[in-house]
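One-letter residues, chain by chain:
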Amino acid sequence: MYAANIGTTRYTFRDLRELLAKATPLRSGDVLAGLAAGSDRERAAAQEALADVPLTRFLEEPIIAYETDDVTRLIIDTHDRPAFEPIGGLTVGQFREWLLSYETTAATLSAVAPGVTPEMAAAVSKLMRNQDLVLAASKCRVVTRFRNTLGLPGRLSVRLQPNHPTDDLAGIAAAITDGLLYACGDACIGINPATDNLAATRRLLDLTAELIARYEIPTQSCVLAHVTTTLKAIADGAPVDLVFQSIAGTQKANESFGVSLALLEEARSAALSLGRGTVGDPRSSNVMYFETGQGSALSAGAHHGVDQQTCEARAYAVARKFAPLLVNTVVGFIGPEYLYDGKQIIRAGLEDHFCGKLLGLPMGCDVCYTNHAEADPNDMDTLLTLLGVAGCNYIMGVPGADDIMLGYQSTSFHDSHYLRQVLGVRPAPEFEEWLGRMSLMCDAGGPRLMPVRVGNRLLGTAGDSVVGSTVVDVAGNSNPETRNPK
């Protein structure tokens, strides 16, 4: 039992799970689940009680039973006690103060990350203002590598997202060209297929592999098919760089996605066996890409009475096990039933980024909302700015900010250049060098787009352009040695 007094009223909370839920800043998903505090006073009381909880309590009182949930077992069984030791004597409130202190540096946070559990991260975030989440996250640096180096200080990367409602190769190639001309794509060229099957996935993998090889682009591709489809593609000899999967924070929620920890391990091993990474040892490349989002466990009826933000943080334990290249919350995608308006989306985006970084993950964010949410592009500009200051590893680049296949609003190619001008952040170093060679970006006291001139290699001629000959090669060339460059 946990308790705190607000004035003359005493509020009690039967267990750690209820305390975490009641301490969470207001959001529609927790109200929908019947977990939210009944008033601001009750929420303040829960936060006061939570501040006094020792961090060790989260190791003693699992919020989902160890015996019935493999994510709980993963969290407990892989907890790094030596890494936890420097903070082991702190309460949640003291942990917040420690995170914000001048003395706590990036190196310090990297060292303790394996000792921080998702519940500890979620708990301390519930006591933090938005500026606290920005400051603490800005101290965390998580660097990953495949064909380039992501997450370095002073860098911001972009996933180029050229989705098409019919997986039309010419339409996708045109969107890729547009994004590259805007200097986007260093996080990855990542396509959500309209149809999740082997044939469609293979065509998209062949297209992106051919583009990357032809123009010697130091980036990686990913077709965001289900992990089982990607495994089939690997077995079929497809040029798979990254394996994608949506994940959640409970075993039951992951089962609703059709995945297990064992399946994810199988996929990672299969991707590593291809040895397609070129930066560092390809046998240990970061080959996984995970997406998450608050509300996924609740929408699957798999939250076990745990608030959605804590469930989200638990998904990061799953991601951490597989040393991913990329992880991002698709923060406003699930809809207003879980995050009602711009204010709730902004708060959730900052929480997710902070918790992921604190746990040692290369966090990005899809700064987004659905058309039926009480949000607009100005809200997204605010979140984008805050995440830029917080050191977010990457954002999305969607043509016109409007994903015409998935039907939601995200960030556009040009939005990255707002942050590059305001904050001076650059693309990944290998990608920035390539942009210079391609006469697409220069250093003019900071990263700056160059005018695209007739004859630029990416545009080529009518017979030798990204949209022309590459699509013809991929769609019509029957020679596998030509279609699938390694």
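Residues numbered from 1 in each chain as written. Predicted model: local features only at pLDDT ≥ 70, side-chain atom pairs only at ≥ 80, totals over all residues. Heavy atoms only, no water.

Student: Give me the lowdown on the packing of aromatic side chains, citing residues and values where you can.
Tutor: Evaluated as defined, the whole model comprises 6 aromatic pairs. Ring centres of Phe290 and Phe322 lie 6.2 Å apart, and the angle between their planes is 55 degrees; this geometry places the pair in the tilted category. Residue Phe290 is located in strand β9 (residues 288–292), and its partner Phe322 is located in the loop between α17 (308–321) and β10 (326–330); the two are separated by 32 residues in the primary sequence. We classify Phe290 as buried; its relative accessible area is 0%. Judged by relative accessible area, which is 0%, Phe322 ranks as buried. Measuring from ring centre to ring centre gives 4.9 Å for Phe333 and Tyr408, while their planes differ by 80 degrees; the resulting arrangement is edge-to-face. In this pair, Phe333 is assigned in the loop between β10 and α18 (342–358) and Tyr408 in strand β14 (residues 408–409), connecting sequence segments 75 residues apart. (Phe/Tyr/Trp six-rings, centres within 6.5 Å; stacked < 30°, edge-to-face > 60°. Helix = DSSP H or I, 4+ residues; strand = E, 2+ residues; numbered from the N terminus. Buried < 20%, exposed > 50% of the residue type's maximum accessible area, 1.4 Å probe, protein only.)

Student: Run through a nonpolar patch on the surface, naming residues and quoting values.
Tutor: On the surface, Val389, Tyr418, Val422 and Leu423 cluster together into a nonpolar patch covering about 320 Å² of accessible area. With respect to the helices and strands, the residue Tyr418 is situated in helix α20 (residues 415–423). On the basis of relative accessibility, which here comes to 32%, the residue Tyr418 falls in the partly exposed class. (Patch = residues over 30% accessible without salt bridge, like charges linked within 9 Å, V, L, I, M, F, W, Y side chains within 5 Å. Areas by Shrake-Rupley, 256 points an atom, 1.4 Å probe, with all protein chains shown as cover. Salt bridge = Lys/Arg side-chain N within 4 Å of Asp/Glu carboxyl O.)

Student: Describe the packing of helix α7 (residues 92–100) against helix α10 (residues 130–138), naming the residues involved and giving the relevant values.
Tutor: Packing of α7 against α10 brings their axes to within 9 Å, and their N-to-C directions diverge by 60 degrees. The orientation of α7 with respect to α10, classified from their angle, is oblique. Within the contact between the two elements, α7 uses Arg96, Leu99 and Leu100 and α10 uses Asp132, Leu135 and Ala136. In terms of residue class, the contact of α7 with α10 is built from 4 nonpolar, no polar and 2 charged. (Axes fitted to C-alpha atoms, helices over the stretch in contact; angles between N-to-C directions. Parallel < 35°, antiparallel > 145°, perpendicular 65-115°, else oblique. Contact = heavy atoms within 4.5 Å. Nonpolar A, V, L, I, M, F, W, Y, C, P; charged D, E, K, R; others polar.)

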